[in-house]
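Residues per chain, in single letters:
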Amino acid sequence: MKHFLKNLLLFAFATLPVMLATDLLLSRWMKASNFPNSVVIADVMGGSIDADIAVFGNSRAMTGFDPAVCDSITALSSYDIIAAGGNFQPHSIMENMYFRHNRMPRAVVQFIDSWWFVSGLTYNHTNSYLPWMTDREFFKEALRLGPVFIVDHSIPVLRYHSTRIWSDNGKNIKTYKGHFVYKKSSFNPEARPDSLIFVRSLPLERQFREQIARMKACGIKVVLVYPPLYRTFSPTKKAEREMDRFYGGIAEEFDIPILDYRELDLKDDPTKFIDEGHLNKDGARILTDTLSKDLLRILGR
């Protein structure tokens with residue numbers, strides 16, 4: 001038994017340096033990935049975002065806000081600091097890193113919907129966060145995601161077991177300042193998706209309030225935005241009342257405006273959507289044009 005344990009220890013000591021070196025190479029490679037979430041987190045951690053207007057939110061912000069249109073109309077610089085498949089829990093880590101490593105924006109445009117307080121992680125998050133788990137500051141933030149996430153994403157090399165390394169690191173996806181356009185051929189404008197519910201998590205709501213308070217304390221103008229969804233994709237009446245009551249309470253509590261674009265005409269035009277919940281390029285231009293003009297009024301320009 002002693003002989004076995006000795007050989008096991010020798011094997012561990014011999015393989016550990018190889019695992020660490022391999023993990024380092026994998027992490028460097030994945031940090032340069034053109035996977036949309038990876039592009040954004042690399043800009044965030046690299047301190048390269050110099051934006052007057054920062055956009056927070058999930059994939060509805062990623063496809064629905066066009067920085068080029070906003071920059072042109074406002075004469076300010078904007079950036080989509082968002083994540084596909086996003087919700088507040090993992091996204092708050094990226095937002096905190098953004099504030100620490102980049103210039104403070106004048107305004108934060110926070111996209112809101114019925115999914116923002118869903119608990120849990122998606123593949124999009126774990127994939128883009130993995131390369132940064134060896135960064136002490138990022139790791140400290142990630143502790144809030146729980147012990148299971150930390151253990152599963154900390155063992156050298158093995159932590160990449162569920163990652164589609166080769167496909168995710170492909171250079172075939174284009175991003176522009178966080179803006180991302182993808183195609184979904186299965187969109188059926190006549191389909192009737194299940195009605196949406198408003199998901200709430202009290203701990204996440206508390207963290208959301210704390211974050212808004214910090215931004216307000218830094219002099220950042222915070223604006224809440226309801227994006228349009230395709231007309232067949234809507235919450236139940238009860239869910240809509242709950243959602244409006246909650247976000248309305250946030251707006252009143254912190255004296256911040258809500259821009260509601262759920263009834264824009266484009267909600268009835270299937271040619272402006274990728275799928276039921278995401279605008280395409282044309283839809284994003286229309287929404288961002290309207291949003292940017294409203295921002296000019298709010299910012300007093």
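For the structure itself, look to the data block above.
A brief structural summary. Just so you know, these numbers come straight off a predicted model, no measurement behind them. (Residues numbered from 1 in each chain as written. Predicted model: local features only at pLDDT ≥ 70, side-chain atom pairs only at ≥ 80, totals over all residues. Heavy atoms only, no water.)

**A look at the overall build of the protein**
Counting its secondary structure elements, the protein contains 12 helices and 9 strands. When burial is assessed residue by residue, the protein has 51% of its 301 residues classed as buried. With an accessible surface of roughly 14500 Å², the protein has 58% of that area assigned to carbon and sulfur atoms. (Helix = DSSP H or I, 4+ residues; strand = E, 2+ residues; numbered from the N terminus. Buried < 20%, exposed > 50% of the residue type's maximum accessible area, 1.4 Å probe, protein only. Areas by Shrake-Rupley, 256 points an atom, 1.4 Å probe, with all protein chains shown as cover.)

**Side note on helix 5 (residues 88–101)**
The end-to-end C-alpha distance of helix 5, which contains 14 residues, comes to 20 Å, matching closely the 20 Å that a straight helix rising 1.5 Å per residue would cover. Within helix 5, 12 of the 14 residues are buried, which leaves it mostly tucked inside the rest of the structure. Taken together, the buried positions of helix 5 are occupied by Phe88, Gln89, Pro90, His91, Ser92, Ile93, Met94, Glu95, Asn96, Met97, Tyr98 and Phe99. (Expected span 1.5 Å × (residues − 1).)

**Details of a positive patch on the surface**
On the surface, a cluster of positive charge is contributed by Lys237, Lys238, Arg241 and Arg245. For Lys237, the position within the fold is in helix 11 (residues 237–254). (Patch = residues over 30% accessible without salt bridge, like charges linked within 9 Å, V, L, I, M, F, W, Y side chains within 5 Å. Salt bridge = Lys/Arg side-chain N within 4 Å of Asp/Glu carboxyl O. Lys, Arg positive; Asp, Glu negative; His and termini not counted. Charge placed at Lys NZ, Arg CZ, Asp CG, Glu CD.)

**A short note on the nonpolar core**
Membership of the largest hydrophobic core comes to 74 residues, with the highest contact counts inside it found for Val44, Ile81, Phe111, Phe138, Tyr247 and Leu291. Not counting chain neighbours up to four residues away, the residues in contact with Tyr247 comprise Ile112, Asp113, Trp116, Phe117, Phe198, Leu224, Tyr226 and Ile258. (Core = buried A, V, L, I, M, F, W, Y, C linked by side-chain atoms within 4.5 Å. Contact = heavy atoms within 4.5 Å.)

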